[in-house]
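Tertiary structure, described
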Amino acid sequence: MEDKILGLHHITAIAGGAKRNFDFYTRVLGLRLVKKTVNFDDPYTYHFYYGDKVGTPGTILTFFPWEGIGTGRRGTRQVTEIGYSVPENSLDFWLKRFEQNNITYNKTSEKFGEQYLTFLDPDGLKFELIVPKNTDSRTPWETDQVAADVATRGFHNVTITTNKLQPTADVLTEIFGYKLLEQHVNRYRFITDASENAAIVDVVEAQGEGIGHVAGGSVHHVAFRVKDDQVLMRFRDKIVEKGHHITEKIDRNYFYSLYFREPGGVLFELATDNPGFAIDESVEELGSGLKLPAQYETRREDISSKLPKLD
Ligand code: ZN
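A few points on the structure. Sequence positions are assigned chain by chain, starting from 1 and proceeding in written order. Per-residue local features of the predicted model are confined to residues with pLDDT of at least 70, and side-chain atom pairs are confined, for both listing and counting, to 80 or more; whole-chain, interface and lining totals are unaffected and use all residues. For the side-chain quantities, the full set of heavy atoms in the structure was used; hydrogens and water were omitted.

Description of the sheet that holds strand 9 (residues 154-162)
Criterion used throughout: strands pair if DSSP finds at least two bridges between them. Each helix corresponds to a stretch of at least 4 residues labelled H or I by DSSP, and each strand to a stretch of at least 2 residues labelled E; elements are numbered beginning at the N terminus. Read across the sheet, 8 strands follow the order 6-7-8-5-9-12-11-10 without closing on themselves; strand pairing throughout is mixed. Strands at the two margins of the open sheet, each flanked by one partner only, are strand 6 (109-111) and strand 10 (179-184). Each strand of the sheet is rotated relative to its neighbour by a mean of 30°, with strand direction disregarded. Taken together, the 5 bridges between strand 10 and strand 11 (residues 187-191) define a ladder with antiparallel strand orientation. Note that in strand 11 the partner of E182 across the bridge is R189. Note on geometry: axes are C-alpha line fits, over the in-contact stretch for helices, and angles between N-to-C directions span 0 to 180 degrees.

Considerations on the coordination of the zinc ion
Every protein donor of the zinc ion is listed here as H10 (NE2), H221 (NE2) and E269 (OE), and their distances to the metal cover 1.9 to 2.1 Å. Each donor residue of the zinc ion belongs to the same chain, and together they define the spacing H-x210-H-x47-E. Taken together, the residues span a long stretch of sequence, with H221 in strand 13 (residues 218-226) and E269 in strand 16 (residues 267-275) at a distance of 48 residues. We classify E269 as buried; its relative accessible area is 0%. For Na, K and Ca the donor cut-off is 3.2 Å, while for other metals it is 2.8 Å, and in both cases only N, O and S atoms qualify; water is not among them, so sites may look incomplete. Burial status follows relative accessibility: with a 1.4 Å probe on protein chains alone, a residue under 20% of its type maximum counts as buried, one over 50% as exposed, and anything between as partly exposed.

With respect to the environment of G154
Mapped onto the fold, G154 is located in strand 9. A relative accessible area of 3% places G154 in the buried class. Along the chain, G154 and S85 lie 69 residues apart, while their C-alpha atoms are 5.9 Å from each other. The contact criterion used is simple: two residues touch if any of their non-hydrogen atoms lie within 4.5 Å. For G154, the contacting residues outside a window of four places in its chain are G58, T59, G83, Y84, S85 and R138.

Let's talk about the side chain of E269
Here E269 occupies a buried position and makes no salt bridge, while the nearest side chain of opposite charge, R252, is found at 5.2 Å. Think of a polar contact as two N or O atoms within 3.5 Å of one another; within protein, one of them needs to be a possible hydrogen donor and the other a possible acceptor, and neighboring residues in sequence only count if both atoms come from side chains. A polar side-chain atom of E269 sits 3.1 Å from a polar atom in the side chain of H10. Residues within four places of E269 in sequence aside, it is in contact with H10, H221, V222, A223, F224, F255, S257, L258 and Y259. Residues scored as charged are limited to Lys and Arg (positive) and Asp and Glu (negative), so that His and the chain ends carry no count. The rule for a salt bridge is simple: a side-chain nitrogen of Lys or Arg has to be within 4 Å of a carboxyl oxygen of Asp or Glu.

Structure below.
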């Protein structure tokens, strides 16, 4: 069988205060914290993973919250928008919820025949809640305030902003197997048929726009999904053949990874479905304990006492 990229795996962004980030995503947006761990390179910083009940690839948004970090700037060489899929007739609920919680949002609008609502998280990270043309059948995580009939289903798309379409488009089509679906002005919509959801990447070609600055409120990288580490390594060969520099396989505890910078400047990762988030906690307990990689386990007491408090 041909190796496939199965849409998006996760998106990783940078935030300011940990507690503010935790409160916004779990309470206001109603996501589940599926893993609470630390930055493997900087264990006094959290690494939060938000998603659905089990952290299904295509629903996972992760953050490195750095207290006091400056604000980034949206621009080229970046993922500039993250799209979540939401059910039909849910946008009024979200409009009211954003109003009540002092969240910056825009009036609803439409692109590619789909209604959407733009909002910013507390650090200025830009999102869209999108009602997809085809009903999204994924089972959402529910909270007492965000019920299934309005809850986010996981990612719909990401938007990459670049000065020049073609080099980024080539990676998507020639290596990842995406196809150009639609174009509107300078927005090019690419899709893979290897996944029913989280299957879209929009590339916005903005020739005169300045380079973005990655800091608080910006996306650090976007990860694409592959089935397992064998497929991962075959993609590695393909990417090397095309002349891109790529890392060796990295063990991220919950998945295996490779990173390379696509020619448009965005850091791409490929990440596997295996082994998944239930490797060190039961599904019921996901996100409840502080999970440390083996090399930091002996420093647990020191690390947990220095991490910001969340309640
Ligand atoms: Zn990642």
